[in-house]
Amino acid sequence: MTEPRATNPSSTPEPSTPPRGRLGRWRDQAVALGWLVVVWCLLWGEISWANVIGGLLVGGAVLVFFPLPPVTFGGRLRIWPLLVFVGRFLMELVSASLHVARIAVQPGYRPRGAIIGVRLRVPTDLNMALTAEAVSLVPGTLILEVDRNAATLYLHVLDTHGPEDLTLARERTHALERRIVRAVGSAAEVRCVEPDTAEKGCNP
């Protein structure tokens, strides 16, 4: 009678992680193209069929001829937080525009500027790109440099009078990042930008 052969557990091959499929790559490309179209329309200041089609053509050309580094999208789109982000962004856009206009027409007034660094809570390429774009579109703030390794944005702030204005600019940038992550981030990223978790530090 033949005895059953013992199986060595260490010799059993472990299942390998399947490579990232074509569907995932197409999804990332579609997300990147969508955001390029949004940025294109925001730069033109108007959402129209001509700008959307132009954004699709320009974004498609950028992705084909100037391939971007792979930026995976592990989050999910949430409609209500996205509407909150758009509404608050438009309000801040109008408020900042009126503030800059008042500075421009105020005779003899020379505003003081400052350069600050703001470390983001979620250090992903997508979050840094979206936050930097949103900050740059608001009048009175300008992105000077992005430190990818430290997940830090260096921005110029217009019309500062003291340390409290610098603190307020950092808080506004973090609030903007929070609204972006709540709209398109993963559950782990959303936890990282919540006030209680953000104070303790978080690695999504």
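Computed from a prediction, not measured in an experiment: that's the story for all the values here.

The contact between helix α4 (residues 125-137) and helix α5 (residues 163-184) brings their axes to 10 Å, and the two run at 125 degrees. Looking at the two axes, α4 sits oblique to α5. In the packing of α4 onto α5, the handedness of the crossing is right-handed. Contacts between α4 and α5 pair N127, L130, T131, A134 and V135 from the former with T173, L176, E177, I180, V181 and V184 from the latter.

We now examine the pairing of strand β2 (residues 141-147). Bridge count between β2 and strand β3 (residues 152-157): six bridges; the pairing is antiparallel. If you follow I143 over to β3, its bridge partner there is L155. Where β2 hands over to β3, the hairpin turn is made up of four residues, of which A151 adopts a positive phi near 50 degrees.

The next point concerns α4. Helix length check: α4, at 13 residues, gives a terminal C-alpha distance of 18 Å against a target of 18 Å (1.5 Å per residue), a fit within 8%. Buried residues of α4: L126, N127, M128, L130, T131, A132, A134 and V135, and no others.

Before going further, it helps to spend a moment on the sheet that holds β3. Across the sheet, three strands lie side by side as β1-β3-β2; this open sheet has antiparallel pairing. The sheet is open, and its two borders are formed by β1 (114-119) and β2, each paired with just one other strand. Neighbour-to-neighbour, the strand axes of this sheet turn through a mean angle of 25 degrees, independent of strand direction. The pairing of β1 with β3 spans six bridges and is classified as antiparallel. Following the sheet pairing, R119 is matched in β3 by T152. Against the sheet, α4 contacts β2 and β3, and its axis sits at roughly 155 degrees relative to β2. Against the sheet, α5 touches β1 and β3, its axis set at about 40 degrees to β1.

Once that is clear, we can look at the confidence of the model for the protein. When pLDDT is averaged along the protein, the result is 82; 80% of the residues meet or exceed 70. Predicted confidence for residues 6-19 stays below pLDDT 50, and this span has one contact to residues more than four positions away or in other chains.

Along the chain, T160 turns up in the loop between β3 and α5. Filtering out sequence-adjacent residues up to four positions away, T160 remains in contact with R112, G113, A114, D165 and L166.

How each quantity is defined
Residues numbered from 1 in each chain as written. Predicted model: local features only at pLDDT ≥ 70, side-chain atom pairs only at ≥ 80, totals over all residues. Heavy atoms only, no water. Axes fitted to C-alpha atoms, helices over the stretch in contact; angles between N-to-C directions. Helix = DSSP H or I, 4+ residues; strand = E, 2+ residues; numbered from the N terminus. Parallel < 35°, antiparallel > 145°, perpendicular 65-115°, else oblique. Left-handed = near helix turned anticlockwise from the far one by under 90°. Contact = heavy atoms within 4.5 Å. Pairing = 2+ DSSP bridges. Expected span 1.5 Å × (residues − 1). Buried < 20%, exposed > 50% of the residue type's maximum accessible area, 1.4 Å probe, protein only. pLDDT = per-residue confidence, 0-100.

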